[in-house]
Amino acid sequence: MRSFLSATVVSCALVLAACGSGGGGAVEDEVNADGKVILEVAMDAGLEQNAVDAFEARVAQFEKAHPDVDVRPQEYTWTAATFTSQLAGGTIPDVFTVPFTDGRGLIERGQIADVSTLVAKLPYAKSFNPNVARAGQAIDGKQWAVPIAAYAQALHYNRTLFTQAGLDPDDPPSTWAEVRSAARQITARTGQAGYAQMTTDNTGGWILATADYAYGGRLEILKGDKATATIDTDQMADVLTLVRSMRWDDGSMGANFLYDWAGINQDFAAGRIGMYVSGGGNYGNLVTQNALKPADYGVTVLPLADDRDAGVLGGGTLAVVSPKTGEKTRAAAVQWIDFFYLGKLTDKAAAVLNAKTQAESGQPVGTPDLPVLDRATWDAQQKWIAQYVNVPVDQLKPYTSRMFDQPLLPEPARSTQDVYKILDNVVQTVLTDRNADIPSLLADAQSQAQALLDRG
Amino acid sequence: MAVKILPRPVRTTAVRARAPRRRRGPRTWLRGGGLSTLVFLSPLLVVFGFFSWGPIIQSVVMSVQETNLVTAATFVGLDNFAAVFADPLLWTAVRNTLWFALLALLLGYPVPLVAAVLISEVRGRRGLFAALAYLPVVVPPVVAVLLWKFFFDAGPHGVFNTILGAVGLGPAQWLQDADSAMPSLVLEATWAAAGGTMIIYLAALAAVPPELYEAAEIDGASVWRKVWHVTLPNLRNVLLVTFILQIIGTAQVFLEPFLFTGGGPAHATTTVLLLIYDYAFADSLGGDYGRATALSLLLAAVLAVFSAVYFRVTRSWSTS
Amino acid sequence: MSRGVISPAEWASPRVRRPLRVLQGVLLAALLVVGLGPMLWLAKAAVTPTQDTLRSPLAIFPHGIDLANLATAWTRVNIDKYFLNTVVMAAGSWLVQLVVATTAGYALAVLRPRYGKLVSGVVLATLFVPSIVLLVPLYLTVVRASMVNTFWAVWLPAGANAFNVVIVQRFFANLPREVFEAARVDGAGPFRVFWSVVLPMSRPIIGVVSVFAVVASWKDFLWPLLVLPDPAVQPLSVRLPALQRYVELDVFLAALAISSVIPIALFLVFQRLFLRGGALEGAVKG
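Note that the structure is a prediction, hence the values are computed from the model and not measured.

S.K.: Can you tell me about the overall build of chain B, naming the residues and giving the values?
M.R.: Helices and strands together make up the secondary structure of chain B, namely 15 helices and two strands. For chain B, with 320 residues in total, the buried portion stands at 45%. Considering only residue pairs separated by 6 or more positions, chain B has 64% of its internal contacts joining residues 24 or more positions apart.

S.K.: Pulling in residues and values, what's your account of the overall build of chain C?
M.R.: What chain C contains, in helices and strands, is 16 helices and zero strands. What you see for chain C is a C-alpha radius of gyration of 24 Å, clearly larger than the 19 Å of a compact globule of 286 residues, by over 25%. Dimensions of chain C, computed from the C-alpha atoms along their principal axes, are close to 75 × 70 × 30 Å. Evaluated residue by residue, chain C yields a buried proportion of 46% over its 286 residues. Considering only residue pairs separated by 6 or more positions, chain C has 75% of its internal contacts joining residues 24 or more positions apart.

S.K.: Describe in detail the confidence of the model for chain C, supporting the description with residues and values.
M.R.: Residues and elements named next belong to chain C. Overall, the predicted model of chain C reaches an average pLDDT of 84, with 94% of residues at or above 70. Here helix α16 (residues 281-284) is the element of chain C with the lowest mean pLDDT, 57, and helix α8 (residues 152-158) is the one with the highest, 94. Here the prediction assigns the complex a pTM of 0.85, and the interface score ipTM is 0.84.

S.K.: So what's going on with the packing of helix α2 (residues 34-62) of chain B against helix α7 (residues 135-144) of chain C? Residues and values would help.
M.R.: Running from N to C, α2(B) and α7(C) point in directions that differ by 120°, and their axes come no closer than 8 Å. In terms of their interaxial angle, α2(B) and α7(C) are classed as oblique. When the axes of α2(B) and α7(C) are compared, the crossing they make is right-handed. Contacts from Phe50(B), Phe51(B), Gly54(B), Pro55(B), Gln58(B) and Ser59(B) in α2(B) reach Pro137(C), Leu138(C) and Thr141(C) in α7(C). Looking at side-chain class alone, the contact of α2(B) with α7(C) contains five nonpolar, four polar and no charged residues.

S.K.: With reference to specific residues and values, describe helix α10 (residues 234-249) of chain A.
M.R.: All names here are of chain A. Those residues of α10 that sit buried are Gln235, Met236, Val239, Leu240, Val243, Met246 and Arg247. In a view along the axis of α10, the buried residues occupy a sector of 135°, so they form one face of it. Facing away from the buried side of α10 by more than 90 degrees, the exposed set consists of Asp234, Thr241 and Asp249. Looking at the buried positions of α10, the neighbouring elements they touch are α8 (176-190), β5 (193-196), α9 (203-214), α18 (416-432) and α19 (438-455). Looking one or two places after α10, you find Gly251, whose phi comes out positive at around 65°.

S.K.: Please set out the interface of chain B and chain C residue by residue, giving values where relevant.
M.R.: Contacts between chain B and chain C engage 77 residues on the former and 78 residues on the latter. For the side of chain B that touches chain C, the element with the most residues is α2(B), which contributes 17 residues. Classifying every residue of the side of chain B that touches chain C by side-chain character gives 56 nonpolar, 18 polar and three charged.

S.K.: Quick rundown of the domain arrangement of chain C? Include the residues and the values.
M.R.: Residue and element names in this part refer to chain C. Domain assignment breaks chain C into domain 1 (8-66) and domain 2 (71-284). The distance between the C-alpha centroids of domain 1 and domain 2 comes to 31 Å. The interface of domain 1 with domain 2 comprises 11 residues on the first partner and nine residues on the second. Mapped by element, the contributors of at least two residues to the side of domain 1 that touches domain 2 are α2 (14-46) and α3 (50-55). Residue composition of the side of domain 1 that touches domain 2, by class: seven nonpolar, three polar and one charged.

S.K.: Outline the environment of Tyr106(C), supporting the account with residue identities and numerical values.
M.R.: Looking at the element boundaries, Tyr106(C) is found in helix α5 (residues 79-111). Note on Tyr106(C): 23 C-beta atoms within 10 Å, which makes it buried. Counting along the chain gives 99 residues from Tyr106(C) to Ile205(C), while the straight-line C-alpha distance between them is 13 Å. Apart from the residues lying within four places of it in its own chain, the contact partners of Tyr106(C) are Phe40(B), Leu111(C), Phe172(C), Phe194(C) and Val198(C).

S.K.: Could you give an account of the nonpolar core, with specific residues and numbers?
M.R.: Residues Val95(A), Trp336(A), Ile337(A), Ile276(B) and Ala255(C) are the most contacted members of the largest nonpolar core, which totals 296 residues. With 16 residues, the single largest contributor to this core is helix α9 (residues 178-206) of chain B. In this structure, Ile276(B) is in contact with Ala292(B), Leu295(B), Ser296(B), Pro130(C), Ile132(C) and Val133(C), ignoring residues within four places of it in sequence.

S.K.: How would you explain the interface of chain B and chain A if you had to name every residue and give the values?
M.R.: Each side of the interface is counted separately: chain B has 34 residues, and chain A has 40 residues. Counting residues per element, the ones that place at least two in the side of chain B that touches chain A are α2 and α14 (272-282) of chain B. With six residues, the top contributor of residues to the side of chain B that touches chain A is α2(B). For the side of chain B that touches chain A, a count of residues per class yields 17 nonpolar, 14 polar and three charged.

S.K.: Give me the confidence of the model for chain B: which residues, what numbers.
M.R.: All names here are of chain B. On average, residues of chain B carry a pLDDT of 83, and 89% of them reach 70 or more. The element-level mean pLDDT for chain B is lowest in helix α1 (residues 26-31), coming to 70, with helix α4 (residues 88-108) highest at 94. Low pLDDT, under 50, characterises residues 12-17; the predicted model gives this stretch zero contacts beyond four residues in sequence or across chains.

Rules and cut-offs
- Residues numbered from 1 in each chain as written.
- Chains lettered and ligands numbered in written order.
- Predicted model: local features only at pLDDT ≥ 70, side-chain atom pairs only at ≥ 80, totals over all residues.
- Helix = DSSP H or I, 4+ residues; strand = E, 2+ residues; numbered from the N terminus.
- Buried ≥ 20, exposed ≤ 12 C-beta atoms within 10 Å, placed from the backbone.
- Contact = placed C-beta atoms within 7 Å.
- Rg over C-alpha atoms; globule rule 2.2 N^0.38 Å.
- pLDDT = per-residue confidence, 0-100.
- Axes fitted to C-alpha atoms, helices over the stretch in contact; angles between N-to-C directions.
- Parallel < 35°, antiparallel > 145°, perpendicular 65-115°, else oblique.
- Left-handed = near helix turned anticlockwise from the far one by under 90°.
- Nonpolar A, V, L, I, M, F, W, Y, C, P; charged D, E, K, R; others polar.
- Arc of directions from axis to C-beta.
- Domains from an automatic or database assignment.
- Core = buried A, V, L, I, M, F, W, Y, C linked by C-beta atoms within 7 Å.

In structure tokens form, the structure reads like this:
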């Protein structure tokens, strides 16, 4: 009986091992009963009914223009655990979206399809904003993923807290020294945190990188195939010293430091934070999820140091194609990306429909973003949606009037998330340990990051 | 009259005589009810086989592979294990996990027991007490995390800090400081799990025969002595089992650090399971899955050895 | 009348009774705060506007009640539809867990085959392996069996619960064997003994396993999120977090409150079943 059982166990193991995970070889196109190519596309989860209807309407339009394709929407949200499992199981939609930060890693590991030849055939393939396009490119410059939305980092501030603290909400800080003194004043007069920063879930590294770039530093230098970490630099030390002074000398950073993207938005909307750095389009989440009072909101450009390398970190969204797709599916996928995602930017009817749907669902229309293609296209798109804009445009002026003046920089190319994670630890230490030794923290982070880059 | 039974002389022969053994062939097995036993075990074997043992074996295979979860995996021998041991975070995670387990033991082990003893003495409204104690266990993690995040707000107006302020104590840092983060997590974890253990103790207490208490009272024992000399010894088996179950459970703590602190501040709450999650999903998006399975196997091996030692050592203490 | 540590004589003497009553009163107060407090807070937050909850969490309706939250939560989140999914999911998980645990417990504790110890050991060993790392292999198994988007993907893995098997096994082991022998002498085969003798005697332990199974199923969110991507079959525990980004906080809290009311109410109704009546005694005895 024992040997019988052990035999069963062993044979099960062999069978399962033989199955392994994934297989090589060419992938077949999925075809439905009528011989049409099946294309599974991602649709945002949790949409209101009118948004779902609008999506279905677009699907119908596409199928009419491409009668050999059967589009099937599939609800999809980008999260680490579900993405990984679905990738392994092959149940990921054929077309889905990922943030810029994760795009490079997916390309490096070959976890998305190389559709660069198909993308190159799109009419505007050459007019992509170069800094934005870089996020979706492989090392050799081939465009594996298509950028569909772009933004830059900005400094968000609470106009009401500014007024209460005796600061002018129409004249927000334009240097880091001004940020520090404004934060001090806000804390002194209102008791709320003057400045706060994200620190967990890799956002700590993201914001630290943003500040570092604003001072003229970089996280990595690429020379051909070799990547060198440049974390232990004067600029990064300056950033951390500023953070440390605000936290421990001025006491202007409040009492809560474990912020991720959603948490800091929540506290800002609750009026507990005077200023913080995040993506330029944050207004949407602040209002929709956290019921921010629109009158409280202000945003301005990120202060840049007087350094010729200083620039503002950009981010955005990429549309990618699953690796487990056949030739015809990939062609259809790129067509869909062109039609659905880029259509909102290039086609008037699509842009108007999108804006109208959003406005009707109570979503904000007109939050600041950056051109994915060229400036002329972006200007045209702004004009088309002008009648649906429902954000407080005047309050956004400090940002929108100057956002094109700042150099836009792409995120570090290699092992981005892993490097951010290392920096998370650095900023958390500075914020929670009074005796944090910044030079040794930076040296340590530098060697860890270098080991990472050498491995990858 | 006793009949004397003379011992039979034992015949020793040069060759060891083997009595013919009855072969346990298939027919005896069938007749002995072997088939029906197997039928009864088949739901367990099928369900565990496909959904527990199978994946475990598959993860063992994956621990010696390198994969990106898309193309076929490559065999890399013990590289994943070496990489795990070379990770400086590993020892931080082990230390944190041990710290969590110790704190959880200090807080979460006696509290349900004391509460159960007190509740078992309640006349009448025992159900109310038990239901209140079990209520936190019923609460979904999504709700619990949301609530406790508000409770743990470190500003002076956070829920707990307001209460502390009302009794004159200064605002505590809770999750924001490396020293107080882990104890805060233990507090929430105990809240969420103590009810279940308490129910088990309540049942065990009810099973203690009253005659033992009566006998102790005849000997003049006070309440405290009765608890020490009658109640606790009778609970010995349950206590031993819940102890090891708690160790195994807390060694695998994941949800609390993941949902509350993400392993911070500055890796103060990074546990072994969090490290496994990070390897498997977070940063590499599946690229380091081999490392994740390698670390899981190491953890499983440690727990298995610990449990084996534990059972051997406590065999003399337990009564079964 | 069953007694505990304290004898009737001691109850009568005020020197024992008073401190004990005080302790019990303190315990009750603590339990009310710790057990009921969070639920009451959630109920309050469900009808409070977002900004009030964020700015002053402990205040009681500083700007009035917003009952509209509940209505919005019900319609926006379609709670009734997802609630049905949650019930179906819980029912199936419960049944699978019960079948696996009782049949295995019976086989291992009553029929006692020679390989019984091996099976018990291998079942117990699954407790050592962290389930988070089994996510991908288990998902692959489910995908290959084409069970994605069906409830079987949740029901069947739920049955692989070592804890259930162990407690049922212990309970059966503590049942008086004479009853089985008597039935066997009367000519009943193992199936008959199981169905007509063992199961009726196991009502308490079945109650316990049922409560654990239903509660666990209600709370489960990561695995159903993975294997039930189609919103039509998603339970509340998956749907609500998915919607978190798209609904306002107060509506979200209202939806959470509504979805928590049901398991808590069910629990309060059925807690009698296992918190009293010596249900777990058999499982924990000696």
